Amino acid sequence: MKPPVPHRRWALAVTTALALVVGGLTIPVSGPAEAAPVGAGSYTTTPVGPLPSGCGPMSTNPRQFATANAPAGAVPTNDWWSSLLWKRTDCAFSEPLHAHPVSYDTFTDGLGFSANSTPAISGTATGVGEYHYPYVQDIRVGVAGLAAPLVKVDGWTDWTVSPYWSDGTRTMRATIGHGLPFAYFQTTGGNAQISTAGTPEVWSTSGATIGFRVNGHDYVGYAPSGATWTVASGRITSTLAGRGYFSVALLPPTSSATERADLATTYGRYAHAHVTGTQVSSAYNPATSGLTTTYAFTTTAREGTATQTVVSLYPHQWKSLSGSTPITPTYPSARGRMKVLTGINQFRTAMKFQGVLPELPAVGDGSGADLATLTGHLAAARSNPMDQRGGDTYWTGKGLGRAARLAEVADLVNDTTTRDSALNAIRSTLTDWFTASSGKTSKVFYYDNNWGTLIGYPASYGSDQELNDHHFHYGYYIAAAATLAKFDPAWAATSRYGGMVDLLIRDANNYRRDDTRFPYLRDFDIYAGHDWASGHGSFGSGNNQESSSEGMNFANALIQWGQVTGNTAVRDAGVFLYTTQAAAIQEYWFDVSDQNFPAAFGHSTVGMVWGDGGAYATWFSGEPEMIQGINLLPVTGGHLYLGNNPAYVRTNYAELVRNNGGQPTVWQDILWQFQALGDGDAALANLRANPGYTPEEGESRAHTFHWIRNLAALGTVDTTVTGNHPLSAVFARNGARTYVASNPTASPVTVTFSNGTTLTVGAGKTATTGAYTWSGGNAAGGVPPTTPTDPPPTTDPPPSSGGPTRYLLPGGGLGTAGGAATTTVAAANGNHDGTPTNPQVFTATGLNLAYSGAQTTFDLFVDAGSAVGNGVQVRVSYDLTGNGSWERTETWRYFATDPVPGYENYTQNAGLASATGSLGTLSNGTVRVEVWSAIGNNPSTLGVGNQSVLRLPYS
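The shown structure was predicted, so the numbers you read here are calculated from the model rather than taken from an experiment.

A tally of regular secondary structure across the chain gives 16 helices and 55 strands. The C-alpha atoms of the chain give 31 Å as radius of gyration, which agrees with the globular expectation for 955 residues (30 Å, within 12%). Taking the principal axes of the C-alpha coordinates as reference, the chain spans close to 100 × 70 × 50 Å. Across the 955 residues in the chain, those meeting the buried criterion constitute 62%. Restricting the contact set of the chain to residue pairs at least 6 apart, pairs at least 24 apart contribute 69%. When the accessible area of the chain is evaluated, it comes to approximately 30500 Å², of which 50% is carbon and sulfur surface. Measuring between centres, the 53 positive side-chain charges of the chain sit 5 Å from its 66 negative side-chain charges.

Set out below in structure tokens:
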């Protein structure tokens, strides 16, 4: 493995150089910008900073290593095979190309093959470590006498590439690809030649077919009919009967000679149906929340009539395979076992899109003391919502992401002043970056026609010269634009600045095949199912990516932007990227099924995925918090996929604590927010026990508190139920579900979930039903003012008369929130578990509400001061018709208070101790709450007014 060149760091330095240094000479490249208009925005076509370069000084032509046959339009970058086209070292050949199940490398005399299935593991199970399946050559395939000075690229399709050799006398064209056990060859000027590492063990010769073993791996060479193979001195050669084509296949490991021979025969049926094209297509069906993806292969029959082929599938594919049955055995790979399909032209996967949200609903911090805490945090961030740490594309993006979270949270709790401050910061920042005025050389985007890319300056972490990380950087811009578009749709119109947003989308992952200005899905490896970060990919271990979560931030941004602007093509592209990559992350970054990482690796997660393996490491830090945290940030409503497996969340967090030698001390907010997806109560306890933590650079105290507090109320992500709206999600706690949906449009929508539950969401609102019934948000209110005006409210607006949300009030009422107050719950002086004794009683009468089918929920603020051994208990009773008989009585387990002064939250999570009767429609009904001390010799304090809340299971 060649020494890596870091392509992203987390230092706060800003890249501002506007010159190239070549051979000791400083060559200015800045100059007045020539603006190309896009609606009201613009980009420049005049270079204003360092540019991408290929091999050699000042070489900016990426097509110098492509033949005339290569496709027209922008060249691909950021792929598994990019080092073949974008040469960065010897100006002649590539770094190893990890296609799986075979890895390849290019040399002057041909194409090398490696089927290495023995991992090289370094480091420890509690510290920095990595595993790789490094390139170890078995065979080299070429033409006898071939001595090409370099290798070029003769063509590419969605997941194949065709290297090309020529020395003036001999030529060879190969086609290799992800998932292909075959490599296909066309040659001129000499005999086909397979050189082996050591003497090959030939186990079959049958005319045009030869089977042999090298380094314990079985290969088969398939020559044209009528040809033969000759073995001598570690070389296998054939004249190819003068027909100039052949193929070489790697067979999966087998348990017997008979099985091996059968596989060679099966593969042989398709050996001359050369794969000449690959293409993906996908379809998202909102009605079923289903994503169907088709992986299609085009073949050319060099002889015979067969048009099908043989392919192997990665775990994220075969676990979602639809309509096909793999054969056995399987291939080992750096991504786990690959299953084989034979005799196919395409295969399909069927996945569920679980939905995303702009932000979590404020069901837990929308009232009482928690609302006061939240609004205090929001007010503290109001004057500097972006808190920007640098002026380059990445750190500007991080600031935009912070402001977008603040705007979303503030809107949910009607803090319009903070919301508008954040939106104004987003608007002014994006408008500045999206405007290339004459002479502007900073905060500007430049389109480079040679490379087919849009580069923002000041650039950072190689986003200019190496085209690294565009999806990381631009995802923040697009996501912030989506938040702004909800409140200011005029700004987002194509005639204004929406066209510039679309250009950023197309640069990082162009969703349009007819747009040749940018490569199709630049950063996304279609077959591998995830992004790559390095533009050139010139490493011995292939390409790499650490922050899969920032890649998902880009995918989520497309869903949010497409939904709010009505662009279903962008939305559906986002759903494809998001759903596919969510599955890949679970397999290759997290290995949630414990099937893909080598057993001796000893980690349950990696910080980085490489083409040939993975590493519990980052480019910038060896701290466990950052190694694990880099795949968790930013935390947004589009990152609920991180909680699809709550048990794994707990496993991941436990590894962090183990490797760190204790709880996190940096990036605590990010890690607690992740922890909340598996254990909200524990995360909330961590947050409240560490109020002086230092926020991560793109986070705010307001958003961290909001996220954790609400997950503590909602529970964990429920993947068994999906909605027919992309901005929807389901959570479950103690068996009770909360259904959530967000509606950024100006008209109400009704969302239907897969279990039949429906939820009507008002214009510009986020709403819930089920365990919590709540609604908030003001997006339909139109364009915010350009400057803040009004102070934020300190509490939620009171619930409407007769509504299901009821506060415990001084004097014994159950109604709309009042001012903060307290009442005393008398000491038990004995054991009164289950029997109200000297209770505080709160009652609501004359209620007319429809039963929702959910359960009672509550959040009581209780404090026993320093008293030891106290326990407060609650009973909730329902008189459905107000006639004096209690049709339903629920007694909840008592809550053992701690001996530390300060409120604690007594909620329904304590569990039911007993219940009698059934709930039904309230018709002039009565609800009574009784609070008493079940145990303890000291009184307790109960917060009332706007602090303790009861949420009735009614709508």
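Most of strand β41 (residues 766-770) sits inside the fold, with five of its five residues counted as buried. Covered by surrounding structure in β41 are T766, T768 and G770 together with A767 and T769, the residues of both alternating faces. Note: strand β38 (residues 736-742) against β41, five bridges, orientation antiparallel. Counterpart to T738 in the pairing with β41 is G770. Bridge count for β41 against strand β42 (residues 774-776) is three bridges, and the pairing is antiparallel. Opposite A767, over in β42, you have S775 as the bridge partner. Between β41 and β42, which follow one another and run antiparallel, lie three residues.

Turning our attention to helix α9 (residues 494-509). An α-helix turns once every 3.6 residues. As a result, residues three or four positions apart point the same way. The end-to-end C-alpha separation of α9 is 19 Å, well short of the 22 Å expected for 16 residues at 1.5 Å each. Within α9, 13 of the 16 residues are buried, which leaves the element mostly enclosed by the surrounding structure.

Its location among the elements puts A702 in helix α16 (residues 701-714). A residue is classified by how much of its surface remains accessible, and A702, at 1% relative accessible area, is buried. Residues A702 and N645, 57 residues apart in the sequence, show an inter-C-alpha distance of 26 Å.

Summed over all chains, the structure comprises 32 salt bridges. A salt bridge links D502 to R506; its shortest N-O distance comes to 2.6 Å. Here D502 and its partner R506 are both found in helix α9, four residues apart, which amounts to about one turn of the helix. For D502, a relative accessible area of 11% corresponds to the buried category. One salt bridge in this structure joins D859 and R709, with 2.4 Å as the shortest N-O distance. Residue D859 is found in strand β47 (residues 857-863), and its partner R709 is found in helix α16; the two are separated by 150 residues along the sequence. Take D859: its relative accessible area is 6%, and that puts it in the buried class. Put simply, D370, R688, R709 and D859 are held in one network by salt bridges that share partners.

All right, on to empty space enclosed by the protein then. Within this structure, the stated rule accounts for 10 cavities of 30 Å³ or more. The computed volume of the largest cavity comes to approximately 200 Å³. Around the largest cavity sit 23 residues that line it, and R405, E408, A479, T483 and Q560 are the ones nearest its centre. Only α5 (393-412), α7 (470-487) and α10 (548-565) provide two or more residues apiece to the lining of the largest cavity.

Moving on to the packing of α5 against helix α6 (residues 416-433). As a packed pair, α5 and α6 sit with axes 8 Å apart at the nearest point and diverge in direction by 150°. Accordingly, the angle class assigned to the pair α5 and α6 is roughly antiparallel. Here α5 runs over α6; the crossing is left-handed. For the pair α5 and α6, the contacting residues are T393, T396, L400, A403, A404, L406, A407, A410 and D411 in the first and T418, R419, A422, L423, I426, T429, L430 and W433 in the second.

Viewed as axis vectors pointing N to C, helix α4 (residues 368-381) and α5 meet at an angle of 140°, and their least axial separation amounts to 11 Å. By the angle between their axes, α4 is oblique relative to α5. Seen from above, α4 lies across α5 with left-handed handedness. Contacts between α4 and α5 involve L374, L378 and A381 on the former and, on the latter, R402, L406, V409 and A410.

Across the sheet, which stays open at both edges, the seven strands sit in the order β5-β6-β7-β10-β15-β20-β19 with antiparallel pairing between neighbours. Each edge of the sheet is formed by a strand with only one pairing partner; in this case those strands are β5 (97-98) and β19 (230-232).

Along the chain, H217 falls in strand β18 (residues 217-222). From its side chain, H217 meets the backbone oxygen of A115 in a polar contact 3.1 Å long. In terms of polar contacts, H217 uses its side chain to reach the side chain of D138, at 2.9 Å. Once residues lying within four places of it in the same chain are set aside, the contact partners of H217 are A115, N116, S117, D138, F212 and L250.

Predicted confidence across the chain gives a mean pLDDT of 92, with 94% of residues reaching 70 or more. With pLDDT under 50 throughout, residues 1-32 is counted as low confidence; its partners more than four residues away or in other chains account for 95 contacts. Contacts from residues 780-801, a stretch scored under 50 in pLDDT, to residues over four places away or in other chains number 45 contacts.

Before going further, it helps to examine α16. Helix length check: α16 (14 residues) gives 20 Å between terminal C-alpha atoms against 20 Å at 1.5 Å per residue, within 8%. Phi turns positive, to about 100°, at G715, one or two residues after α16.

Along the polypeptide, V761 turns up in strand β40 (residues 758-761). Measuring from C-alpha to C-alpha, the distance between V761 and P748 comes to 5.6 Å, with 13 residues separating the pair along the chain.

A few words on the layout of surface pockets. Space inside the largest pocket adds up to approximately 780 Å³. D370, L684, R688, R709 and N905 are the residues nearest the centre of the largest pocket, which is lined by 34 residues in total. Going through the elements one at a time, α4, α15 (680-689), α16, β47 and β51 (904-907) are the ones with two or more residues in the lining of the largest pocket. Grouping the amino acids of the lining of the largest pocket by side-chain chemistry returns 17 nonpolar, eight polar and nine charged.

The next point concerns the packing of aromatic side chains. Applying the stated criterion across every chain yields a total of 55 aromatic pairs. Between W159 and F297, the aromatic rings sit 5.5 Å apart at their centres with planes inclined by 85°, giving edge-to-face as the arrangement. Note that W159 is positioned in the loop between β11 (151-156) and β12 (160-166) and F297 in strand β23 (residues 290-301), a separation of 138 residues in sequence. The buried category is assigned to W159, whose relative accessible area is 0%. Linked through ring pairs, Y104, F113, F185, F212, Y219, W229 and F246 together constitute an aromatic cluster. Against the face of W318 rests K339, its NZ or CZ located 3.9 Å from the ring centre.

With respect to topology, three strands assemble into an open sheet ordered β24-β27-β26, the strand pairing being antiparallel. The open sheet is flanked by β24 (309-313) and β26 (327-331), the only strands paired with a single partner. Each strand axis lies, on average, 35° off the axis of its neighbour in the sheet, ignoring direction. As judged from the five bridges shared by β24 and strand β27 (residues 338-344), these two strands associate in the antiparallel manner. Bridging from a neighbouring strand, V311 pairs with L341 of β27. Relative to the sheet, helix α2 (residues 257-268) contacts β24, β26 and β27, its axis offset from that of β26 by approximately 95°.

Criteria and cut-off values
- Residues numbered from 1 in each chain as written.
- Predicted model: local features only at pLDDT ≥ 70, side-chain atom pairs only at ≥ 80, totals over all residues.
- Heavy atoms only, no water.
- Helix = DSSP H or I, 4+ residues; strand = E, 2+ residues; numbered from the N terminus.
- Rg over C-alpha atoms; globule rule 2.2 N^0.38 Å.
- Buried < 20%, exposed > 50% of the residue type's maximum accessible area, 1.4 Å probe, protein only.
- Contact = heavy atoms within 4.5 Å.
- Areas by Shrake-Rupley, 256 points an atom, 1.4 Å probe, with all protein chains shown as cover.
- Lys, Arg positive; Asp, Glu negative; His and termini not counted.
- Charge placed at Lys NZ, Arg CZ, Asp CG, Glu CD.
- Pairing = 2+ DSSP bridges.
- Expected span 1.5 Å × (residues − 1).
- Salt bridge = Lys/Arg side-chain N within 4 Å of Asp/Glu carboxyl O.
- 1 Å grid on protein atoms, 1.4 Å probe; cavity = no way out; pocket = protein on both sides within 12 Å on 5 of 7 lines; lining within 4 Å.
- Points joined across faces, edges and corners; volume = space filled by probe spheres on them.
- Axes fitted to C-alpha atoms, helices over the stretch in contact; angles between N-to-C directions.
- Parallel < 35°, antiparallel > 145°, perpendicular 65-115°, else oblique.
- Left-handed = near helix turned anticlockwise from the far one by under 90°.
- Polar contact = N/O pair within 3.5 Å; in protein donor to acceptor, adjacent residues only side chain to side chain.
- pLDDT = per-residue confidence, 0-100.
- Nonpolar A, V, L, I, M, F, W, Y, C, P; charged D, E, K, R; others polar.
- Phe/Tyr/Trp six-rings, centres within 6.5 Å; stacked < 30°, edge-to-face > 60°.
- Lys NZ or Arg CZ within 6 Å of the ring centre and 35° of its normal.

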